[in-house]
Amino acid sequence: MADEGPGRRRRDERDLLDAVERKEARKLAARRHGRRSIAFGLGLFGVVGWSVAIPTLVGIALGLYLDRVAPLGFSWTLTLMIVGVGTGALVAWSVASTGACARGPGAALPQGKR
């Protein structure tokens, strides 16, 4: 194993230390905030749901309008609905992965997300 040198070992140790520190920070934040209520879970579910629903509905409305005004050989409604679902899924993924809902408005982002 030629690539098993001291540099690689230090890098692996640094990666492990970073992972442990991130996990520790998450656990400490969870202890600080305590147990979340059912209402919080439903609220988070609603935010993610509306993040998908609104772009989808906008895509459908715009598609219906374009089908009437500029009909082509394909359905604008179906095309823009798919674009809306995709956009909404990206927005929902972004919101859920950054934890923006869980931190609340105005909360600082974690170190790696600035």
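Treat the numbers as computed from the prediction; the structure is a model and nothing was measured.

1. A look at the side chain of T56
Then comes step 1: In this fold, T56 is placed in helix α2 (residues 38-69).
Then comes step 2: With a relative accessible area of 12%, T56 lands in the buried category.
Then comes step 3: Excluding its chain neighbours within four sequence positions, the residues that come into contact with T56 are M81, G84 and V85.

2. Here we look at the packing of α2 against helix α3 (residues 76-98)
Geometry of a packed helix pair, given as the angle between the helix axes and the separation of the axes.
Then comes step 1: Running from amino to carboxyl end, α2 crosses α3 at an angle of 160°, the nearest separation of the two axes being 7 Å. Considering the angle they form, α2 stands roughly antiparallel to α3. Crossing hand, α2 versus α3: right-handed.
Then comes step 2: Grouping the amino acids of the contact of α2 with α3 by side-chain chemistry returns 16 nonpolar, eight polar and one charged.

3. Remarks on helix α1 (residues 6-33)
Every α-helix carries 3.6 residues per turn, so stepping three or four residues along brings you back to the same face.
Then comes step 1: Taking 1.5 Å per residue as the helical rise, α1 with its 28 residues ought to reach 40 Å, and the 41 Å between its terminal C-alpha atoms agrees with that figure.
Then comes step 2: Following α1 by one or two positions, G34 has its phi on the positive side, about 75°.

What counts, and at which threshold
Residues numbered from 1 in each chain as written. Predicted model: local features only at pLDDT ≥ 70, side-chain atom pairs only at ≥ 80, totals over all residues. Heavy atoms only, no water. Helix = DSSP H or I, 4+ residues; strand = E, 2+ residues; numbered from the N terminus. Buried < 20%, exposed > 50% of the residue type's maximum accessible area, 1.4 Å probe, protein only. Contact = heavy atoms within 4.5 Å. Axes fitted to C-alpha atoms, helices over the stretch in contact; angles between N-to-C directions. Parallel < 35°, antiparallel > 145°, perpendicular 65-115°, else oblique. Left-handed = near helix turned anticlockwise from the far one by under 90°. Nonpolar A, V, L, I, M, F, W, Y, C, P; charged D, E, K, R; others polar. Expected span 1.5 Å × (residues − 1).

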